[in-house]
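# A look at the structure
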Amino acid sequence: MSDSPPRAKRFPLSLHQLGTAPKGSAGPAGAGKASAAPAVAPASAREPLKPQGHWQQAAALKARTLPPSGLGLDSAGVRQRMVQRLRREGLSDERVLNALATVPRHEFVDTALAIQAYEDTSLPIGHGQTISKPSVVGRMMALMLAAPGAQARGDLGKVLEIGTGCGYQAALLMQVARHVVSVERLKPLHDKASGHLVGYNRVRLVYGDGMLGHGPSAPYDSIISAAGGDDIPQAWLDQLAPGGRLVAPMTAPSGRGQVLVLIDHLRDAQGSRFVRSLHEPVLFVPLKSGVM
Ligand code: SAH
């Protein structure tokens, strides 16, 4: 013990220990226990210290580098790896991949689930509902962007989303649309999404029964549903603009499971009609009527 190096004295402070700390500051810059948190030392040498300043700075730094998600500052990197996986699996629309690389999915789920946010899996968002798998959301968006109307316009135009949930898909849609109207029937989820989407000012969240669409902002160039019923509600077709495309899950013709349905509203010399095609099996929460 006797030959251990002398420990820095905390008090009284000698002049050199005060270092560059400005006049009036009470903190021991770089001295004593502050050196136990080396990441803070350079900042504490530069910045004016308040009483307990180094503890406050350490706490602030910790809060910045270790957000509750535990994903650290590298969430963009984790997101990028998810995008690379989706690309390898066949998702090729660059605008969709870019949206998936931009929106921080971990901020839309509960802290305890954030670590799973960049796996290609659906996750619970409370109230018996789930946030959809990134690959499925990506696939639906790519199908909508491939519509002739969207190709001519270069984006999804005005979008109606049924089933806001936690707001993740609305944030993605906003990256490739001019305006998004999103309807949710569960008030707590509508409120949760409102909190998540602060600052996304081209997204309008509506608390209501999305089976009725949202008449006041109709018609829509694109309609997307995150919940599946036995058929496509007539209101959605009524609110789909000519040239517009609708993508939604729906009970499979066999009556077992769901499939993705795509409906184009065509208007040409033969008049106005809806052309429907069925795609791959999917698994979405049920579309229910009324609000809660
Ligand atoms: N897009 C969402 C997915 C949420 S899950 C997200 O990114 O998180 C589907 C949502 O559809 C659920 O929140 C459910 O409450 C909602 N939903 C079901 N039927 C509905 C209806 N008739 N009108 C509006 N929302 C509905």
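Here's a quick rundown of the structure.

About the cut-offs
Residues numbered from 1 in each chain as written. Predicted model: local features only at pLDDT ≥ 70, side-chain atom pairs only at ≥ 80, totals over all residues. Heavy atoms only, no water. Salt bridge = Lys/Arg side-chain N within 4 Å of Asp/Glu carboxyl O. Helix = DSSP H or I, 4+ residues; strand = E, 2+ residues; numbered from the N terminus. Buried < 20%, exposed > 50% of the residue type's maximum accessible area, 1.4 Å probe, protein only. Pairing = 2+ DSSP bridges. Contact = heavy atoms within 4.5 Å. Near = heavy atom within 4 Å. Polar contact = N/O pair within 3.5 Å; in protein donor to acceptor, adjacent residues only side chain to side chain. Areas by Shrake-Rupley, 256 points an atom, 1.4 Å probe, with all protein chains shown as cover. Nonpolar A, V, L, I, M, F, W, Y, C, P; charged D, E, K, R; others polar. Core = buried A, V, L, I, M, F, W, Y, C linked by side-chain atoms within 4.5 Å. Axes fitted to C-alpha atoms, helices over the stretch in contact; angles between N-to-C directions. Left-handed = near helix turned anticlockwise from the far one by under 90°. Phe/Tyr/Trp six-rings, centres within 6.5 Å; stacked < 30°, edge-to-face > 60°. Lys NZ or Arg CZ within 6 Å of the ring centre and 35° of its normal. Expected span 1.5 Å × (residues − 1).

## A short note on the pattern of salt bridges
Counted under the stated rule, the structure contains eleven salt bridges. For the salt bridge of D110 with K192, the shortest nitrogen-to-oxygen distance reads 3.8 Å. Taken together, the positions of D110 in the loop between α5 (94-102) and β1 (123-126) and K192 in helix α9 (residues 187-196) put the pair 82 residues apart, joining distant regions of the chain. By relative accessible area, which is 27% here, K192 ends up partly exposed. A salt bridge links D191 to K187, with the nearest nitrogen and oxygen atoms 2.9 Å apart.

## Here we look at the pairing of β1
One face of the sheet, then the other: side chains in a regular strand alternate in exactly this way. Note: β1 against strand β2 (residues 129-131), three bridges, orientation antiparallel. Within β2, the position partnered with L123 by the bridge is I131. Counting the residues in the hairpin turn of β1 and β2 gives two residues, including H127, whose phi is positive at 60°.

## Some words on the environment of P249
Here P249 lies in strand β8 (residues 240-251). For P249, a relative accessible area of 2% corresponds to the buried category. For the pair P249 and G228, spaced 21 residues apart in sequence, the C-alpha to C-alpha distance is 4.6 Å. Those residues in contact with P249 that sit more than four places away from it in its chain are M140, S225, A227, G228, G229, Q258, V259, L260, V282 and F284.

## Here's the deal with the site of the ligand
The ligand sits among 28 residues. The nearest are T130, E184, D209, G210 and K288. Here an oxygen atom of the ligand sits 3.1 Å away from a polar atom, N or O, in the main chain of Q169. Note that a nitrogen atom of the ligand is positioned 3.3 Å from one of the backbone N or O atoms of R185. Surface burial for the ligand is 99%, taken as the share of its 570 Å² of free accessible area covered by protein chains. Mapped onto the shell around the ligand, the elements with two or more residues apiece are β2, β3 (158-162), α8 (168-174), β4 (179-184) and β11 (285-286). Of the residues that constitute the shell around the ligand, the class distribution is 14 nonpolar, nine polar and five charged.

## Here we look at the nonpolar core
One finds L100, M141, L156, Y168, L172 and L173 to be the most contacted residues of the largest nonpolar core, which totals 52 residues. At the level of secondary structure, the elements contributing two or more residues to this core comprise α4 (75-88), α5, β1, α6 (134-145), α8, α9, β5 (203-207) and β9 (258-268). No other element matches α6, which puts eight residues into this core. For L156, the residues in contact, after removing those within four places along its chain, are M144, L145, A150, L173, V176, A177, D221 and S222. One finds V183, A248, M250 and L287 within the second-largest nonpolar core, a separate group that totals 22 residues.

## Focus on the side chain of T251
The residue T251 is located in strand β8 in this model. Within the structure, T251 has its side chain in polar contact with the side chain of D230 (distance 2.7 Å). Dropping the residues within four chain positions of it, T251 is found in contact with G229, D230, G257 and Q258.

## So, the packing of α5 against α6
It is at 9 Å that the axes of α5 and α6 come closest, and there the two elements cross at 140°. Considering the relative orientation of α5 and α6, their crossing is right-handed. Residues R95, V96, A99 and L100 of α5 touch α6, and the partners they reach there are P134, G138, M141, A142 and L145. Taken together, the residues of the contact of α5 with α6 break down into seven nonpolar, one polar and one charged.

## Concerning the packing of aromatic side chains
Enumeration over the complete set of coordinates arrives at one aromatic pair. Consider the rings of F108 and Y168, whose centres lie 5.8 Å apart with planes at 65°: the pair is edge-to-face. On the criterion of sequence distance, the pair formed by F108 in the loop between α5 and β1 and Y168 in helix α8 is long-range, its members being 60 residues apart. Taken as a pair, F108 and Y168 share a single burial class, namely buried. One residue, R105, lies across the ring of Y168, its end atom 5.6 Å from the ring centre.

## A look at α6
Spanning twelve residues, α6 covers 16 Å between terminal C-alpha atoms, matching the ideal 16 Å at 1.5 Å per step. Here α6 lies mainly inside the structure; eleven of its twelve residues are buried. Turning to α6, its buried residues number three or more, namely P134, S135, V136, V137, G138, M140, M141, A142, L143, M144 and L145.

## Here we look at the pairing of β8
Among the twelve residues in β8, ten count as buried, and that is most of the element. What sits between the antiparallel neighbours β8 and β9 is a turn of six residues, in which G255 has the positive phi angle 90°.

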